[in-house]
Amino acid sequence: GAVALMLLGATDATHCTGVEAFEQSHRQAIRNATLNQMQGRYVPILSDLRDFRAPEPYDLACGAPPFIRPGAGIQPQDPQRAAGRFELRGGVEAYCLSMAAHLGPDGAGLILMDGQSRQRSIDAFEAARLQVHRITAINPPPDRPATYWVLQGGHFPVPLTEDVFVMREADGEQWSPEYRRLRNALNLPQGG
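Residues numbered from 1 in each chain as written. Predicted model: local features only at pLDDT ≥ 70, side-chain atom pairs only at ≥ 80, totals over all residues. Heavy atoms only, no water.

A few points about the overall build of the protein chain
Then, number 1: Counting its secondary structure elements, the protein chain contains 6 helices and 7 strands.
Then, number 2: In the protein chain, the succession of helices and strands from N to C terminus is α-β-α-β-β-α-α-β-α-β-β-β-α.
Then, number 3: Against the compact-globule benchmark of 16 Å for 192 residues, the protein chain has a radius of gyration of 17 Å, which places it among compact chains.
Then, number 4: Principal-axis analysis of the C-alpha atoms places the extent of the protein chain at approximately 45 × 40 × 40 Å.
Then, number 5: The proportion of buried residues among the 192 residues of the protein chain is 35%.
Then, number 6: Residue pairs at least 24 apart in sequence account for 63% of intrachain contacts in the protein chain once pairs closer than 6 positions are excluded.
Then, number 7: Carbon and sulfur atoms make up 53% of the accessible area of the protein chain, which totals about 11,400 Å².
Then, number 8: Of the side chains in the protein chain, 18 bear a positive and 21 a negative charge, and the two mean positions are spaced by 5 Å. (Helix = DSSP H or I, 4+ residues; strand = E, 2+ residues; numbered from the N terminus. Rg over C-alpha atoms; globule rule 2.2 N^0.38 Å. Buried < 20%, exposed > 50% of the residue type's maximum accessible area, 1.4 Å probe, protein only. Contact = heavy atoms within 4.5 Å. Areas by Shrake-Rupley, 256 points an atom, 1.4 Å probe, with all protein chains shown as cover. Lys, Arg positive; Asp, Glu negative; His and termini not counted. Charge placed at Lys NZ, Arg CZ, Asp CG, Glu CD.)

Focus: the packing of aromatic side chains
Then, number 1: Counted under the stated rule, the structure contains 2 aromatic pairs.
Then, number 2: Centroid distance phenylalanine 165 to tyrosine 179: 6.3 Å. Interplanar angle 80°. Geometry classified as edge-to-face. Of this pair, phenylalanine 165 sits in strand S7 (residues 161-166) while tyrosine 179 sits in helix H6 (residues 177-185), and the two are 14 residues apart along the sequence. Neither residue differs from the other here; phenylalanine 165 and tyrosine 179 are each classed as buried.
Then, number 3: Measuring from ring centre to ring centre gives 5.2 Å for tryptophan 175 and tyrosine 179, while their planes differ by 85°; the resulting arrangement is edge-to-face.
Then, number 4: Note on tyrosine 179: relative accessible area 15%, which makes it buried.
Then, number 5: Taking NZ or CZ as reference, arginine 118 lies 5.0 Å from the ring centre of tryptophan 149, over its face. (Phe/Tyr/Trp six-rings, centres within 6.5 Å; stacked < 30°, edge-to-face > 60°. Lys NZ or Arg CZ within 6 Å of the ring centre and 35° of its normal.)

This is the structure we're talking about:
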């Protein structure tokens, strides 16, 4: 529930629904909602997103799908970590299909994927009949390849824009001004 709670804290959104497929993550989301006094605004639901059916369309759907296919790496012993990293219940394709089913006509869907999955993510949006509106490369220092990609899209067509978000200065030590602004907007500590 960390992303949902940060969104509620940083925006004027009135409520948020979180879908957690793993029971331990669901319990943590409930606990975090209570600790942050957001239990009236944040509703964590225990469900597989492939089975989840929302009562009404959403304005925003976001997620960070696991991006390691089973057998492509050493699966963690901890089941929660394994489910968060390995596509045990589907990957970006399942996330995009669920977004397409739950977004309203003017809604936006966002996903965060690893640096190797740009084209796979674009293909997943297209297979779900979603238009990619924006692609943001998340670069550690500016001279390195993207570590992550953020893709935004929806049901309606708009011209594609691409940009780069740099997290650290060229020396790799200090946070970039844009990353500091983001951390400030999310009320996160300003070290680094």
